[in-house]
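# Architecture at a glance
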Amino acid sequence: MLLFYFGCCLGSFLMVVATRLPIGEDFLVSRSHCHHCQKTLRFYELIPLFSILFMKFRCSACQKRIPITYLLVECLYGFLFFIVFKSLIGSIALVYFIWITMAFLLSLTDLFYWIVEPKILYPFGCLLWSLLYLFDWSFYPATLIFLLLVAFLIYFFLQAYFGFGDMLLLLFWGPWFTIHQLFILLFVASLSGLIISYLYSRLTQQSINHLPFVPFLSLGLLFLLFF
Ligand SMILES: [Zn+2]
(Lines give C-alpha, C1' and ligand atoms only; values in the text may rest on other atoms or scores of the structure.)
Protein backbone atom coordinates (compact mmCIF):
# COMPACT_ATOMS: atom_id res chain seq x y z
CA MET A 1 0.00 0.00 0.00
CA LEU A 2 2.87 2.31 0.87
CA LEU A 3 4.49 1.38 -2.45
CA PHE A 4 1.30 2.33 -4.29
CA TYR A 5 1.05 5.62 -2.44
CA PHE A 6 4.69 6.46 -3.09
CA GLY A 7 4.00 5.81 -6.79
CA CYS A 8 1.02 8.18 -6.65
CA CYS A 9 3.21 10.92 -5.15
CA LEU A 10 5.78 10.43 -7.87
CA GLY A 11 2.98 10.38 -10.45
CA SER A 12 1.73 13.68 -9.07
CA PHE A 13 5.20 15.20 -9.50
CA LEU A 14 5.49 13.80 -13.04
CA MET A 15 2.14 15.37 -13.84
CA VAL A 16 3.57 18.76 -12.84
CA VAL A 17 6.65 18.13 -14.98
CA ALA A 18 4.53 17.18 -18.00
CA THR A 19 2.30 20.24 -17.74
CA ARG A 20 5.11 22.74 -17.15
CA LEU A 21 8.19 21.56 -19.02
CA PRO A 22 6.81 21.93 -22.59
CA ILE A 23 5.78 25.56 -21.98
CA GLY A 24 9.06 26.44 -20.30
CA GLU A 25 7.66 26.85 -16.78
CA ASP A 26 9.84 25.95 -13.86
CA PHE A 27 8.76 22.72 -12.16
CA LEU A 28 11.20 22.42 -9.26
CA VAL A 29 11.13 25.71 -7.39
CA SER A 30 7.87 27.49 -8.09
CA ARG A 31 4.93 26.40 -5.94
CA SER A 32 1.85 24.72 -7.36
CA HIS A 33 -1.11 26.98 -7.96
CA CYS A 34 -4.69 26.81 -9.13
CA HIS A 35 -4.72 27.23 -12.91
CA HIS A 36 -7.93 29.20 -12.72
CA CYS A 37 -7.45 31.79 -9.92
CA GLN A 38 -3.64 31.47 -9.58
CA LYS A 39 -3.86 31.00 -5.82
CA THR A 40 -0.76 29.25 -4.48
CA LEU A 41 -1.68 25.94 -2.90
CA ARG A 42 -0.91 25.51 0.78
CA PHE A 43 1.07 22.50 1.95
CA TYR A 44 -2.00 20.56 3.08
CA GLU A 45 -3.52 21.04 -0.37
CA LEU A 46 -0.55 19.35 -1.99
CA ILE A 47 -0.86 15.87 -0.51
CA PRO A 48 -1.38 13.52 -3.44
CA LEU A 49 -4.75 11.69 -3.50
CA PHE A 50 -5.93 12.91 -0.10
CA SER A 51 -6.05 16.67 -0.74
CA ILE A 52 -8.09 16.36 -3.91
CA LEU A 53 -10.58 14.02 -2.20
CA PHE A 54 -10.74 16.23 0.88
CA MET A 55 -11.38 19.34 -1.22
CA LYS A 56 -14.07 17.41 -3.12
CA PHE A 57 -12.43 18.11 -6.49
CA ARG A 58 -12.74 21.90 -6.12
CA CYS A 59 -10.18 24.68 -5.63
CA SER A 60 -10.61 25.97 -2.07
CA ALA A 61 -10.35 29.62 -3.20
CA CYS A 62 -12.36 29.90 -6.43
CA GLN A 63 -14.36 26.63 -6.28
CA LYS A 64 -13.29 25.80 -9.82
CA ARG A 65 -13.63 22.08 -10.50
CA ILE A 66 -10.42 20.06 -10.59
CA PRO A 67 -10.74 17.37 -13.27
CA ILE A 68 -10.99 13.83 -11.90
CA THR A 69 -8.52 12.77 -14.59
CA TYR A 70 -5.71 14.22 -12.42
CA LEU A 71 -6.54 11.76 -9.70
CA LEU A 72 -6.95 8.85 -12.12
CA VAL A 73 -3.62 9.58 -13.79
CA GLU A 74 -1.83 9.69 -10.42
CA CYS A 75 -3.46 6.40 -9.42
CA LEU A 76 -2.56 4.82 -12.74
CA TYR A 77 1.11 5.66 -12.26
CA GLY A 78 0.90 4.54 -8.62
CA PHE A 79 -0.51 1.23 -9.78
CA LEU A 80 2.22 0.70 -12.42
CA PHE A 81 4.88 1.66 -9.88
CA PHE A 82 3.44 -0.83 -7.44
CA ILE A 83 3.35 -3.65 -10.02
CA VAL A 84 6.94 -3.01 -11.14
CA PHE A 85 8.51 -2.94 -7.68
CA LYS A 86 6.30 -5.64 -6.22
CA SER A 87 6.88 -8.23 -8.93
CA LEU A 88 10.39 -7.41 -10.17
CA ILE A 89 13.77 -6.92 -8.58
CA GLY A 90 17.20 -5.54 -9.45
CA SER A 91 18.12 -4.33 -12.89
CA ILE A 92 14.84 -5.40 -14.52
CA ALA A 93 12.83 -3.33 -12.04
CA LEU A 94 15.06 -0.32 -12.73
CA VAL A 95 14.74 -0.68 -16.52
CA TYR A 96 10.95 -1.11 -16.31
CA PHE A 97 10.71 1.89 -13.98
CA ILE A 98 12.65 4.19 -16.34
CA TRP A 99 10.86 2.86 -19.42
CA ILE A 100 7.39 3.24 -17.96
CA THR A 101 8.18 6.69 -16.54
CA MET A 102 9.36 7.81 -19.99
CA ALA A 103 6.17 6.45 -21.57
CA PHE A 104 4.04 8.09 -18.89
CA LEU A 105 5.63 11.55 -19.25
CA LEU A 106 5.54 11.52 -23.04
CA SER A 107 1.93 10.29 -23.08
CA LEU A 108 0.98 13.25 -20.90
CA THR A 109 2.80 15.85 -23.02
CA ASP A 110 1.18 14.33 -26.11
CA LEU A 111 -2.26 14.50 -24.49
CA PHE A 112 -1.81 18.05 -23.18
CA TYR A 113 0.14 19.69 -26.00
CA TRP A 114 0.20 17.20 -28.89
CA ILE A 115 3.96 16.99 -28.80
CA VAL A 116 6.53 14.34 -28.02
CA GLU A 117 8.54 16.67 -25.78
CA PRO A 118 12.23 16.56 -26.88
CA LYS A 119 13.42 17.65 -23.42
CA ILE A 120 11.95 14.39 -22.11
CA LEU A 121 12.47 12.15 -25.14
CA TYR A 122 16.24 12.58 -25.53
CA PRO A 123 17.43 12.44 -21.89
CA PHE A 124 15.16 9.50 -21.09
CA GLY A 125 15.95 7.81 -24.40
CA CYS A 126 19.70 8.02 -23.73
CA LEU A 127 19.27 6.84 -20.14
CA LEU A 128 17.15 3.91 -21.30
CA TRP A 129 19.64 2.86 -23.97
CA SER A 130 22.54 3.09 -21.48
CA LEU A 131 20.69 0.91 -18.97
CA LEU A 132 19.57 -1.64 -21.54
CA TYR A 133 23.12 -1.85 -22.90
CA LEU A 134 24.61 -2.06 -19.41
CA PHE A 135 22.27 -4.86 -18.34
CA ASP A 136 22.80 -6.86 -21.53
CA TRP A 137 19.33 -6.69 -23.03
CA SER A 138 19.10 -8.08 -26.55
CA PHE A 139 19.54 -5.48 -29.24
CA TYR A 140 18.00 -6.19 -32.64
CA PRO A 141 19.83 -4.43 -35.50
CA ALA A 142 17.24 -5.76 -37.99
CA THR A 143 14.47 -3.90 -36.17
CA LEU A 144 16.61 -0.76 -36.09
CA ILE A 145 17.24 -0.92 -39.85
CA PHE A 146 13.56 -1.55 -40.50
CA LEU A 147 12.58 1.44 -38.33
CA LEU A 148 15.17 3.68 -40.00
CA LEU A 149 13.71 2.81 -43.41
CA VAL A 150 10.20 3.59 -42.18
CA ALA A 151 11.45 6.83 -40.59
CA PHE A 152 13.03 7.80 -43.91
CA LEU A 153 9.75 7.16 -45.74
CA ILE A 154 7.72 9.10 -43.20
CA TYR A 155 10.14 12.00 -43.10
CA PHE A 156 10.10 12.54 -46.84
CA PHE A 157 6.66 11.35 -47.93
CA LEU A 158 4.17 10.76 -45.16
CA GLN A 159 4.74 13.39 -42.54
CA ALA A 160 1.20 14.64 -42.92
CA TYR A 161 -0.15 11.26 -41.81
CA PHE A 162 2.16 10.08 -39.08
CA GLY A 163 3.76 12.35 -36.49
CA PHE A 164 7.53 12.30 -36.67
CA GLY A 165 7.71 12.55 -32.88
CA ASP A 166 5.95 9.18 -32.64
CA MET A 167 8.51 7.81 -35.09
CA LEU A 168 11.44 9.11 -33.01
CA LEU A 169 9.94 7.46 -29.96
CA LEU A 170 9.69 4.15 -31.82
CA LEU A 171 13.34 4.50 -32.82
CA PHE A 172 14.25 4.65 -29.14
CA TRP A 173 12.05 1.75 -28.07
CA GLY A 174 11.91 -0.50 -31.15
CA PRO A 175 15.48 -1.81 -31.53
CA TRP A 176 15.19 -3.64 -28.19
CA PHE A 177 12.37 -5.77 -29.59
CA THR A 178 12.23 -8.25 -32.44
CA ILE A 179 10.34 -7.11 -35.54
CA HIS A 180 7.62 -9.55 -34.55
CA GLN A 181 7.30 -7.89 -31.13
CA LEU A 182 7.38 -4.46 -32.74
CA PHE A 183 4.39 -5.43 -34.87
CA ILE A 184 2.53 -6.60 -31.76
CA LEU A 185 3.25 -3.22 -30.15
CA LEU A 186 1.97 -1.36 -33.21
CA PHE A 187 -1.05 -3.65 -33.47
CA VAL A 188 -2.06 -3.08 -29.83
CA ALA A 189 -1.48 0.68 -30.25
CA SER A 190 -3.51 0.98 -33.46
CA LEU A 191 -6.34 -1.24 -32.27
CA SER A 192 -6.72 0.58 -28.95
CA GLY A 193 -6.41 3.93 -30.75
CA LEU A 194 -9.19 2.94 -33.16
CA ILE A 195 -11.46 1.70 -30.39
CA ILE A 196 -10.96 4.84 -28.29
CA SER A 197 -11.52 7.23 -31.19
CA TYR A 198 -14.62 5.28 -32.22
CA LEU A 199 -16.01 5.41 -28.66
CA TYR A 200 -15.09 9.07 -28.36
CA SER A 201 -16.88 10.04 -31.56
CA ARG A 202 -19.94 7.96 -30.63
CA LEU A 203 -20.17 9.48 -27.15
CA THR A 204 -19.48 13.10 -28.04
CA GLN A 205 -20.83 13.12 -31.62
CA GLN A 206 -17.57 14.76 -32.69
CA SER A 207 -14.82 13.25 -34.76
CA ILE A 208 -11.23 13.45 -33.58
CA ASN A 209 -9.04 15.23 -36.09
CA HIS A 210 -5.85 14.73 -34.14
CA LEU A 211 -5.34 11.62 -32.07
CA PRO A 212 -2.42 11.74 -29.59
CA PHE A 213 -0.72 8.45 -30.42
CA VAL A 214 1.92 8.17 -27.67
CA PRO A 215 -0.56 6.94 -25.00
CA PHE A 216 -1.50 4.09 -27.34
CA LEU A 217 2.11 3.28 -28.17
CA SER A 218 2.69 3.20 -24.40
CA LEU A 219 -0.18 0.76 -24.03
CA GLY A 220 1.48 -1.42 -26.66
CA LEU A 221 4.75 -1.14 -24.72
CA LEU A 222 3.08 -2.19 -21.46
CA PHE A 223 1.54 -5.14 -23.27
CA LEU A 224 4.98 -6.29 -24.45
CA LEU A 225 6.69 -5.69 -21.12
CA PHE A 226 4.13 -7.54 -19.02
CA PHE A 227 2.80 -10.31 -21.28
ZN1 LIG B 1 -8.74 28.47 -7.87
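For clarity, every value in this text was computed on a predicted model and none was experimentally measured. Counting starts from 1 at the beginning of each chain's written sequence and moves along it residue by residue. In keeping with the model being predicted, local features are shown solely for residues with a pLDDT of at least 70 and side-chain atom pairs are shown and tallied solely at 80 or more, while totals for entire chains, interfaces and linings include all residues. Values reported for side chains reflect all heavy atoms of the structure, with hydrogen atoms and water molecules removed beforehand.

A side-chain nitrogen of Lys or Arg and a carboxyl oxygen of Asp or Glu constitute a salt bridge if their distance falls within 4 Å. With the rule as written, the count across this model stands at 2 salt bridges. A salt bridge links R20 to E25; the nearest nitrogen and oxygen atoms lie 3.9 Å apart. Here E45 makes a salt bridge to K39, at a shortest N to O gap of 3.4 Å. Under the scheme applied here, a residue whose accessible area is under 20% of the maximum for its type counts as buried, over 50% as exposed, and between as partly exposed, the area being computed with a 1.4 Å probe on protein chains only. The buried category is assigned to E45, whose relative accessible area is 6%.

Before going further, it helps to examine the environment of E45. Along the chain, the position of E45 falls in the loop between α1 (2-20) and α2 (50-54). Placed 54 residues apart in sequence, E45 and W99 show a C-alpha to C-alpha distance of 30 Å. Every residue in contact with E45, bar those within four places of it in the chain, is listed here: K39, T40, S51, M55 and S60. Among the polar contacts made by the side chain of E45, one reaches the side chain of S60 at a distance of 2.5 Å. To qualify as a helix, a DSSP run of H or I must reach at least 4 residues; to qualify as a strand, a run of E must reach at least 2; elements of each kind are numbered from the N terminus. Contacts are residue-level and defined by heavy atoms, with any inter-residue pair within 4.5 Å sufficient. Two N or O atoms count as a polar contact when they lie within 3.5 Å, although within protein this holds only if one can serve as hydrogen donor and the other as acceptor, and sequence-adjacent residues are included solely when both atoms are side-chain atoms.

So, about helix α5 (residues 118-134). A helix's residues, less one, multiplied by 1.5 Å, set its expected span. Taking 1.5 Å per residue as the helical rise, α5 with its 17 residues ought to reach 24 Å, and the 24 Å between its terminal C-alpha atoms agrees with that figure. Along α5, the positions that sit buried rather than exposed are I120, L121, G125, L128, L131 and L132. Angularly, the buried residues of α5 cover 135° about the axis, an arc narrow enough to put them on a single face. Residues of α5 that are exposed and point over 90 degrees away from its buried face: Y133 and L134. The secondary structure elements touched by the buried residues of α5 are α4 (90-113) and α7 (164-173). Regarding α5, its N-cap is E117, as a side-chain oxygen of that residue lies 3.0 Å from the backbone nitrogen of K119 further along. The arc in question is the one spanned by the directions pointing from the helix axis to the C-beta atoms.

Another aspect to go through is the UniProt feature "domain: Prepilin peptidase A24 N-terminal" (unreviewed entry) in the chain. Per the UniProt annotation, the sites labelled "domain: Prepilin peptidase A24 N-terminal" (unreviewed entry) are residues 6-85. For residues 6-85, helix accounts for 48% and strand for 0%, while the C-alpha atoms at its two ends are 11 Å apart. UniProt positions are given in the numbering used here, feature names are shortened, and annotations may be inferred rather than shown by experiment.

Okay, the coordination of the zinc ion next. For a metal with four tetrahedral donors the ideal donor-metal-donor angle is 109.5 degrees, while six octahedral donors give ideal angles of 90 or 180 degrees. A donor here means any N, O or S atom no more than 2.8 Å from the metal (3.2 Å for Na, K and Ca); water is not included, so a site may seem to lack partners. Here the zinc ion is held by C34 (SG), C37 (SG), C59 (SG) and C62 (SG), and the distances to it run 2.3 Å. Coordination at the zinc ion is tetrahedral, judged from the 4 donor atoms that bind it and the angles of 106 to 116° they form at the metal. For the zinc ion, all donor residues lie on one chain, and their spacing in sequence is C-x2-C-x21-C-x2-C. Taken together, the residues C37 in the loop between α1 and α2 and C62 in the loop between α2 and α3 (68-87) connect sequence positions 25 residues apart. Of the residues examined, C37 reaches a relative accessible area of 31% and is grouped as partly exposed. Classification of C62 as partly exposed rests on a relative accessible area of 27%. Every geometry call rests on angle ranges, with four donors termed tetrahedral when all angles are between 85 and 135 degrees, four termed square planar and six termed octahedral when opposite donors are over 155 degrees apart and all others are between 65 and 115, and everything else termed irregular.

In this section: unusual backbone geometry. Despite not being glycine, Q63 shows a phi value in the positive range, around 65°. Among the structural elements, Q63 can be located in the loop between α2 and α3. Backbone geometry places D136, a non-glycine residue, at a positive phi of 60°. For D136, the location among the structural elements is in the loop between α5 and α6 (141-158). For D136, a relative accessible area of 70% corresponds to the exposed category.

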